[in-house]
Amino acid sequence: MSTPVSAEKKEKISVPFDYNKYLRPNKLPHIWCPGCGHGIVLKAMLRAIDKAGLEKDNIALVSGIGCSSRTPGYVDFNTLHTLHGRALPFATGIKMARPDMKVIVVTGDGDALAIGGNHFIHACRRNIDLTVLVFTNAVYGMTGGQYSPTSPLGAIATTSRYGNVEPPFDTCEIAKAAGATFVARGTAYHTLELEKTIHEALAHKGTSVVDILDACPTYFGRMNKYKSATHMMETMEKDGTVSVKQVDKLPADKVQGKMLRGVLHKIERPEYCEQYASLVQEKAQGK
Amino acid sequence: MGEAAKKLPNIVINPKLCKGCSICVDFCPTNVLEMRGTCVAVKDLAACTRCQLCDLRCPDFAIQVFD
């Protein structure tokens, strides 16, 4: 059971929040299944955007294909629903044409790391100013529950009936290795922490990747014997992760096998659009 | 201030958006909510501490707690 938020914290939290300000209310209810974590992540994203004080017309929300990629349909920003895995190239194009715009990419784990794996590493390499939110539910939900690049070893999916034998990717490690300058992880369970992480990612100049763990109770949950969405959130997100701030204070046995949560990597590096603009200016002056 | 004068929160539930996942019911620390069929309902309004966990974890924009 969760403990109530203390009075001191309560003053800082951003709810009740007027979500209708950013939603297309006639598009609701959304298509996500009962208990799907994507809705929780969407709400955290909207609160973070509000906190960052961004103008609605100055945001472009780009997505690929998949459950998570239905997000732009429900929000009242400039939205683009593109090809499977290709959200990042479209977003790169928008950012190059309109560097003043805040470009946010919402993508699933399969969309970002399997079908669009090469685009993901190259966006990170360029350090172009995009905020990439990877909704990691460890399964391809929209097409019927096939295993994805982040499905844990032994997980049952419609394409791994006897357990998954492929070791999973660690999204944050890939992003870090490929050159992203802001890498963080959040979960749908720790929703206020997620809001803070997304807010920090939006403020960062350069490619910021936030890996967000959320639950797919319909496919992953049912096939892997989770009782409910709540059970998934408690076992996978609450007990399966440990905050990066606490990891040094905890004994080794409480940290073993758990994923780190929080801001994992943050450095400064020249941003792609700025470098490109300065090169153009330099050449235009005939240097 | 007596118990009767205590100001109760206003829990707004949108039954058109609620999909009955019961996340809010399970995470409520004071058992304010319950499931009635496939929609959530308020069982014990006086126990509500306005912690907002139901709003924060509702995936469907279906529940909000106002003062």
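Trainee: Can you lay out the overall build of chain B for me, pointing to particular residues and giving the numbers?
Mentor: Helix and strand counts for chain B come out as 2 helices and 4 strands. For chain B, the sequential pattern of α-helices and β-strands runs β-α-β-β-α-β. The C-alpha atoms of chain B give 12 Å as radius of gyration, which agrees with the globular expectation for 67 residues (11 Å, within 12%). Once the C-alpha set of chain B is aligned to its principal axes, its extents read approximately 40 × 20 × 20 Å. Counting only contacts in chain B whose residues sit at least 6 apart along the sequence, the fraction spanning at least 24 positions is 51%.

Trainee: Describe in detail the pairing of strand β10 (residues 259-266) of chain A, supporting the description with residues and values.
Mentor: Residues and elements named next belong to chain A. When strand β7 (residues 182-187) meets β10, the two strands line up antiparallel, connected through 4 bridges. Counted as the bridge partner of V183 is H265 from β10. Pairing between strand β9 (residues 241-243) and β10: 3 bridges, direction parallel. Each residue of the ladder has a partner; that of T241, found in β10, is M259.

Trainee: Any chance you could break down helix α11 (residues 272-284) of chain A for me, citing the residues and the numbers?
Mentor: Residue and element names in this part refer to chain A. For α11, with 13 residues, the first-to-last C-alpha span of 18 Å sits near the 18 Å given by 1.5 Å per residue. The residue sitting at the N-terminus of α11 and contributing the capping side-chain oxygen is E271; that oxygen lies 3.2 Å from the backbone nitrogen of C273. Positive phi appears at G286, one or two residues downstream of α11, with a value of about 70 degrees.

Trainee: Hey, could you go over the interface of chain A and chain B for me, with residue numbers and the actual values?
Mentor: At the interface, 34 residues of chain A touch 25 residues of chain B. A buried area of about 2,500 Å², summed over both sides, lies between chain A and chain B, and 66% of it is on carbon and sulfur atoms. Taken together, the links from chain A to chain B amount to 1 salt bridge. The salt bridge involving D55 of chain B is made with K43 of chain A; its shortest N-O contact spans 3.4 Å. At the junction of chain A with chain B, the criterion picks out 9 residue pairs in polar contact (both at pLDDT 80 or more). Sorting the residues of the side of chain A that touches chain B by element identifies α2 (38-52), α7 (191-203) and α9 (229-238) of chain A as the ones contributing at least two each.

Trainee: Lay out the sheet that holds β7 of chain A with the relevant residues and their values.
Mentor: Two strands in a sheet stick together by hydrogen bonds in their backbones, pointing the same way (parallel) or opposite ways (antiparallel). All names here are of chain A. The strand order β2-β1-β3-β4-β8-β7-β10-β9 describes an open sheet built from 8 strands, whose pairing is mixed. Each edge of the open sheet carries a strand with a single partner, namely β2 (78-81) and β9. Recorded for the sheet is a direction-independent mean angle of 20 degrees between the axes of neighbouring strands. Summarising the sheet, strand β1 (residues 59-63) and β2 pair through 4 bridges and their orientation is parallel. Note that in β2 the partner of S63 across the bridge is H81. Contacting β3 (102-108), β4 (130-136), β7, β8 (208-213) and β10, α7 runs over the sheet at an angle of about 160 degrees to β7.

Trainee: Break down the pattern of salt bridges for me, citing the residues and quoting the values.
Mentor: All names here are of chain A. Scanning the model with the defined rule gives 15 salt bridges over all chains in all. When the shortest N-O distance is used, the salt bridge between R185 and D211 registers 3.0 Å. Here D211 lies in strand β8 and R185 lies in strand β7, a separation of 26 residues in the sequence. When sorted by exposure, R185 lands in the same class as D211, which is buried. Put simply, E274 and K205 hold a salt bridge, and the shortest N to O gap is 3.6 Å. Linking E274 in helix α11 with K205 in the loop between α7 and β8, this pair joins segments that are 69 residues apart in sequence. Shared partners join several salt bridges into a network, and the residues in it are K95, D129, K205 and E274.

Trainee: Before we move on, can you summarise helix α6 (residues 171-178) of chain A with the specific residues and values?
Mentor: Each α-helix turn comprises 3.6 residues. Residues three or four places apart therefore point the same way. Residue and element names in this part refer to chain A. Considered for burial, the residues of α6 that qualify are T171, C172, I174, A175 and A178. Along α6, the residues classed as buried sweep out an arc of 160 degrees about the axis, all on the same side. Buried residues belonging to α6 abut α4 (109-115), α5 (117-126), β4, β7, β8 and β10. Its side-chain oxygen placed 3.1 Å from the backbone nitrogen of C172, D170 serves as the N-cap of α6. The first or second residue beyond α6 is G179, which carries a positive phi of 115 degrees.

Trainee: Give a description of the packing of α5 of chain A against α6 of chain A that names residues and reports values.
Mentor: Residues and elements named next belong to chain A. One way to put it is that α5 packs onto α6 with a least axis distance of 8 Å and a crossing angle of 45 degrees. Taken together, the axes of α5 and α6 are oblique relative to one another. Between α5 and α6, the contacting residues are F120, I121, C124 and R125 on the first element and T171, I174, A175 and A178 on the second. When the residues that make up the contact of α5 with α6 are grouped by side-chain class, the tally is 6 nonpolar, 1 polar and 1 charged.

Trainee: I'd like a rundown of the environment of I40 of chain A, residues and numbers included.
Mentor: Structurally, I40 of chain A is set in helix α2. The exposure class of I40 of chain A is buried, given its relative accessible area of 0%. Note: C-alpha distance between I40 of chain A and Y226 of chain A (186 residues apart in sequence) is 19 Å. The residues touching I40 of chain A, leaving out its near neighbours within four places in the chain, are A188, T191 and M233 of chain A together with I23, L56, R57, C58 and P59 of chain B.

Trainee: Can you break down the packing of α2 of chain A against α7 of chain A residue by residue, with the values?
Mentor: When two helices pack together, their arrangement is given by the angle between their axes and by how far apart the axes lie. Residues and elements named next belong to chain A. The interhelical angle for the contact between α2 and α7, taken along N-to-C directions, is 50 degrees, at an axis separation of 8 Å. Looking at the two axes, α2 sits oblique to α7. Judged by the sense of rotation from one axis to the other, the crossing of α2 with α7 is right-handed. Every residue of α7 that contacts α2 at I40, V41, A44, M45, R47, A48, I49, K51 and A52 is listed here: T191, L194, E195, K196, I198, H199 and L202.

Cut-offs used in this document
- Residues numbered from 1 in each chain as written.
- Chains lettered and ligands numbered in written order.
- Predicted model: local features only at pLDDT ≥ 70, side-chain atom pairs only at ≥ 80, totals over all residues.
- Heavy atoms only, no water.
- Helix = DSSP H or I, 4+ residues; strand = E, 2+ residues; numbered from the N terminus.
- Rg over C-alpha atoms; globule rule 2.2 N^0.38 Å.
- Contact = heavy atoms within 4.5 Å.
- Pairing = 2+ DSSP bridges.
- Expected span 1.5 Å × (residues − 1).
- Polar contact = N/O pair within 3.5 Å; in protein donor to acceptor, adjacent residues only side chain to side chain.
- Buried area = accessible area lost by both parts, 1.4 Å probe.
- Salt bridge = Lys/Arg side-chain N within 4 Å of Asp/Glu carboxyl O.
- Axes fitted to C-alpha atoms, helices over the stretch in contact; angles between N-to-C directions.
- Buried < 20%, exposed > 50% of the residue type's maximum accessible area, 1.4 Å probe, protein only.
- Arc of directions from axis to C-beta.
- Parallel < 35°, antiparallel > 145°, perpendicular 65-115°, else oblique.
- Nonpolar A, V, L, I, M, F, W, Y, C, P; charged D, E, K, R; others polar.
- Left-handed = near helix turned anticlockwise from the far one by under 90°.

These values are about where atoms sit, not about what they do.
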